[in-house]
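Architecture and fold: a report
Chain by chain, the residues:
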Amino acid sequence: MELTQAIRTRRSRHLLTAPAPSDTQFTDLVRTAASAPDHGTLRPWRWLLLRGTARHVLGDALAAQATDGNGHRLRDKPLRAPLLASIIFCPHEEATRVPAWEQLAATTLLVHSVELLLHDAGWGSIWRTGGAVEAPAVREALHIGADERLLGWLYVGTPDGRSSPPARTLPSVRERVTSLSGRHPRRQGGAAPGRR
Ligand SMILES: Cc1cc2nc3c(=O)[nH]c(=O)nc-3n(C[C@H](O)[C@H](O)[C@H](O)COP(=O)(O)O)c2cc1C
């Protein structure tokens, strides 16, 4: 698939069925996606794949942190796709001058690249989060380290052809792309601002 077409036609898929990419296939996609811009090449992320009964571990944790009696509903949420790829942000806090926000930016670029590559290969995905990403029961069940942050899950599988989202309409962005006018008179005789 040509890149522009891939970007324009990717839609998040809410209905996903088996099969899903194998661990090897998914890892290969991540390897390619790791070409996304990453200041310092820190790769401040890791993935934890949940499939089959491992999804129940997450479902039980989601149910355990429910406070309003809807635990049974939450328990089944991870079963909505055959593969849940947990996105774990692992910022490097020492020995780097790359601030955490840049590392988070690099991680989200990676995730989007993975979504595009999945789409290109014919798979479907949707990035889901929710308050549960901060829940102690969920963090413990997925072995999220104290210095790590769970950014949610890519739900991955085969797009269910019975429910295709409408084709994307590209938004108007004209007013969001502006140019700085260069018609201001230059400062006379002084150094450039910020270079005194
Ligand atoms: C960080 C992040 C978290 C998201 N969390 C959810 C979520 O919990 N539930 C959901 O339905 N969509 C969530 N979305 C939105 C979908 O992933 C998707 O982008 C959105 O439905 C728009 O569809 P599109 O990707 O086809 O444009 C999230 C998106 C991002 C970037």
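Below: a short report on this structure.

Parameters and conventions
Residues numbered from 1 in each chain as written. Predicted model: local features only at pLDDT ≥ 70, side-chain atom pairs only at ≥ 80, totals over all residues. Heavy atoms only, no water. Axes fitted to C-alpha atoms, helices over the stretch in contact; angles between N-to-C directions. Helix = DSSP H or I, 4+ residues; strand = E, 2+ residues; numbered from the N terminus. Parallel < 35°, antiparallel > 145°, perpendicular 65-115°, else oblique. Left-handed = near helix turned anticlockwise from the far one by under 90°. Contact = heavy atoms within 4.5 Å. 1 Å grid on protein atoms, 1.4 Å probe; cavity = no way out; pocket = protein on both sides within 12 Å on 5 of 7 lines; lining within 4 Å. Points joined across faces, edges and corners; volume = space filled by probe spheres on them. Nonpolar A, V, L, I, M, F, W, Y, C, P; charged D, E, K, R; others polar. Near = heavy atom within 4 Å. Polar contact = N/O pair within 3.5 Å; in protein donor to acceptor, adjacent residues only side chain to side chain. Areas by Shrake-Rupley, 256 points an atom, 1.4 Å probe, with all protein chains shown as cover. Salt bridge = Lys/Arg side-chain N within 4 Å of Asp/Glu carboxyl O. Buried < 20%, exposed > 50% of the residue type's maximum accessible area, 1.4 Å probe, protein only.

What follows covers the packing of helix H2 (residues 23–33) against helix H5 (residues 100–120). Here H2 crosses H5 at 125°, and the two axes come no closer than 9 Å. The angle between H2 and H5 places the two elements in the oblique class. In terms of crossing hand, the pair formed by H2 and H5 is right-handed. Contacts between H2 and H5 involve Phe 26, Leu 29, Val 30, Thr 32 and Ala 33 from the first element and Leu 110, Ser 113, Val 114, Leu 117 and Leu 118 from the second.

Moving on, we get to the layout of surface pockets. Estimates place the volume of the largest pocket at around 170 Å³. Lining the largest pocket are 13 residues; nearest its centre among them are Leu 62, Leu 74, Thr 129, Gly 130 and Ala 132. Grouping the constituent residues of the lining of the largest pocket by class yields 6 nonpolar, 4 polar and 3 charged.

Inspection of the secondary structure assignment puts Arg 43 in the loop between H2 and strand E2 (45–51). Taking the C-alpha atoms as reference points, Arg 43 and Pro 166, separated by 123 residues in sequence, lie 34 Å from one another.

For the bond running from Ala 18 to Pro 19, omega is 0°, close enough to zero to count as cis. With respect to the helices and strands, the residue Pro 19 is situated in the loop between strand E1 (16–17) and H2. Phi is positive for Thr 41, close to 45°, though the residue is something other than glycine. Following the sequence through the fold, Thr 41 ends up in the loop between H2 and E2. Positive phi, normally seen in glycine, also occurs at Arg 43, with a value near 45°.

Taken together, Arg 10, Arg 11, Ser 12, His 14, Ile 126, Trp 127, Arg 128, Thr 129, Gly 130 and Arg 168 make up the full set of residues near the ligand. Taking Thr 129, its main chain carries an N or O atom lying 2.8 Å from an oxygen atom of the ligand. At 3.0 Å from an oxygen atom of the ligand is found a side-chain nitrogen or oxygen belonging to Arg 168. For the ligand, whose unbound accessible area comes to 620 Å², protein coverage reaches 57%. For the shell around the ligand, the per-class residue count stands at 2 nonpolar, 4 polar and 4 charged.

Bringing the pattern of salt bridges into the picture now. As enumerated under the stated definition, the model contains 4 salt bridges in all. With a closest N to O distance of 2.8 Å, Glu 148 and Arg 46 form a salt bridge. Placement of the pair is Glu 148 in the loop between helix H6 (136–141) and strand E5 (149–159) and Arg 46 in strand E2, with a sequence separation of 102 residues. A relative accessible area of 15% places Glu 148 in the buried class. Among the residues examined, Arg 46 registers a relative accessible area of 28% and is labelled partly exposed. Linking Arg 75 and Asp 60 is a salt bridge whose minimum nitrogen-to-oxygen distance equals 3.0 Å. You can see Arg 75 sitting in helix H4 (residues 71–75) and its partner Asp 60 sitting in helix H3 (residues 54–64), a full 15 residues away along the chain. Here Arg 75 falls in the partly exposed class, since its relative accessible area comes to 37%. On the basis of relative accessibility, which here comes to 41%, the residue Asp 60 falls in the partly exposed class.

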